[in-house]
Structures are given as C-alpha cells and as structure tokens.
Amino acid sequence: MTDHAATLPLHPHDEPAPQSLLSRLAGMIGLAGCLVGLGIFTIGCHGVEKAFALNVLPLLMGGAGMVLTVVAGVFQKGGPENTPILGSIFLNLFAMIGGFLERAVAEDWPIFPRAG
C-alpha cells in the first residue's frame, strides 16, 4: 500500500491571492465611519444632543469607502479577492445607515409612527 499523503507537499508554493491596498483602505475607512458613528451615538445618549450634528462624518466616510470599494473591485489586477470587498461593502453600508439614522435624530424626523 502506498502512502500518497507523503508525496504531497505540506506547503504548496502557489501565489497568494492578490490583496489590494485600496480594498483594505476602503474597509478601514468604513470601520472608522462605524466607530465615529458609534461615538456620536454614545455621546448623544449621554445628553449632548448637539453631537448628532456631526452625522455628516459617518455619511461621508461610508460614501467615500463605498466608492473606493467599487474602484478596487473593478480595477484590481487578477480579479479581487471577495472577502475584503464584501467586508468593506458591509462596513461602509453600516456607516452610511448609521449616519442617516443620526441625521434623523438631529433633524427630528419621525421614523416610527407616534401614537397620538
């Protein structure tokens, strides 16, 4: 009986999947946008309602990160690696949604119907 596992290399010398610095940067911008939005929300919940006026920061960061994500996905040589692109899309989407919700709080938009 031959042992085929002994003939296979333990570490194949394949090239790693290409990682675009642009897609990683877009994900970092999205993460920063989420953290800024979380900080604004936390400060606003502690009674400083003027903090919600900074809602444009997560909106702009999420939008810029989303544009960078699309650019990285389209122009990366060898095709993009899917995991960083997908993570970047979700982080930037969360930053933008959080910014819109903070804008609704800042401008007193009715999100849910009020009993009255």
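Residues numbered from 1 in each chain as written. Predicted model: local features only at pLDDT ≥ 70, side-chain atom pairs only at ≥ 80, totals over all residues. Heavy atoms only, no water.

1. Digging into the overall build of the chain
Part 1 of the reasoning: The helix and strand tally for the chain stands at three helices and zero strands.
Part 2 of the reasoning: Within the chain, the proportion of its 116 residues that are buried is 22%.
Part 3 of the reasoning: Approximately 8,500 Å² of the chain is accessible, and the part contributed by carbon and sulfur atoms is 71%. (Helix = DSSP H or I, 4+ residues; strand = E, 2+ residues; numbered from the N terminus. Buried < 20%, exposed > 50% of the residue type's maximum accessible area, 1.4 Å probe, protein only. Areas by Shrake-Rupley, 256 points an atom, 1.4 Å probe, with all protein chains shown as cover.)

2. Remarks on the pattern of salt bridges
Part 1 of the reasoning: This structure, assessed with the given rule, holds one salt bridge.
Part 2 of the reasoning: Put simply, E107 and R103 hold a salt bridge, and the shortest N to O gap is 3.2 Å. (Salt bridge = Lys/Arg side-chain N within 4 Å of Asp/Glu carboxyl O.)

3. Examining the confidence of the model for the chain
It should be kept in mind that the predicted coordinates are not to be read in detail where pLDDT is low.
Part 1 of the reasoning: Taken residue by residue, the chain gives an average pLDDT of 84. The fraction at 70 or more is 79%.
Part 2 of the reasoning: Per-residue pLDDT, averaged within each element of the chain, yields its smallest value for helix α3 (residues 82-106) (92) and its largest for helix α1 (residues 21-45) (94). (pLDDT = per-residue confidence, 0-100.)

4. Observations concerning the environment of N92
Part 1 of the reasoning: If you trace the backbone, N92 turns up in helix α3.
Part 2 of the reasoning: N92 gets classed as buried once you look at its relative accessible area, which sits at 0%.
Part 3 of the reasoning: Taking C-alpha positions, N92 is 7.2 Å from G27, a pair spaced 65 residues apart along the chain.
Part 4 of the reasoning: Among the polar contacts made by the side chain of N92, one reaches the main-chain carbonyl oxygen of S88 at a distance of 2.7 Å. (Polar contact = N/O pair within 3.5 Å; in protein donor to acceptor, adjacent residues only side chain to side chain.)

5. Here we look at the packing of helix α2 (residues 56-75) against α3
Part 1 of the reasoning: Interhelical geometry of α2 versus α3 gives an angle of 155 degrees and a closest axis separation of 8 Å. As the angle between them shows, α2 and α3 are arranged roughly antiparallel. Between α2 and α3 lies a crossing whose hand is left-handed. Residue-level contacts link P58, L59, M61, G62, G63, G65, M66, T69, A72 and G73 of α2 to I85, S88, I89, N92, L93, A95, M96, G99, F100 and E102 of α3. (Axes fitted to C-alpha atoms, helices over the stretch in contact; angles between N-to-C directions. Parallel < 35°, antiparallel > 145°, perpendicular 65-115°, else oblique. Left-handed = near helix turned anticlockwise from the far one by under 90°. Contact = heavy atoms within 4.5 Å.)

6. Some remarks on the packing of α1 against α3
Part 1 of the reasoning: Packing of α1 against α3 leaves a shortest axis separation of 8 Å and a crossing angle of 30 degrees. Put simply, α1 runs roughly parallel to α3. Like other packed secondary-structure pairs, α1 and α3 cross with a definite hand, here left-handed. Residues S23, A26, G27, I29, G30, L31, G33, C34, G37, I40 and F41 of α1 form the contact with α3, whose own contacting residues are P84, I85, S88, L91, N92, F94, A95 and E102.
Part 2 of the reasoning: For the contact of α1 with α3, the per-class residue count stands at 11 nonpolar, seven polar and one charged. (Nonpolar A, V, L, I, M, F, W, Y, C, P; charged D, E, K, R; others polar.)

7. Here we look at α2
Part 1 of the reasoning: With 20 residues, α2 extends 28 Å from end C-alpha to end C-alpha; this agrees with the ideal 28 Å at 1.5 Å per step.
Part 2 of the reasoning: Where α2 is concerned, the buried positions are P58, L59, G62, G65, T69 and A72. Along the axis of α2, the buried residues cluster in a sector spanning 160 degrees; they form a single face. α2 presents L60, V67, V74 and F75 as exposed residues on the side facing more than 90 degrees away from its buried surface. (Expected span 1.5 Å × (residues − 1). Arc of directions from axis to C-beta.)

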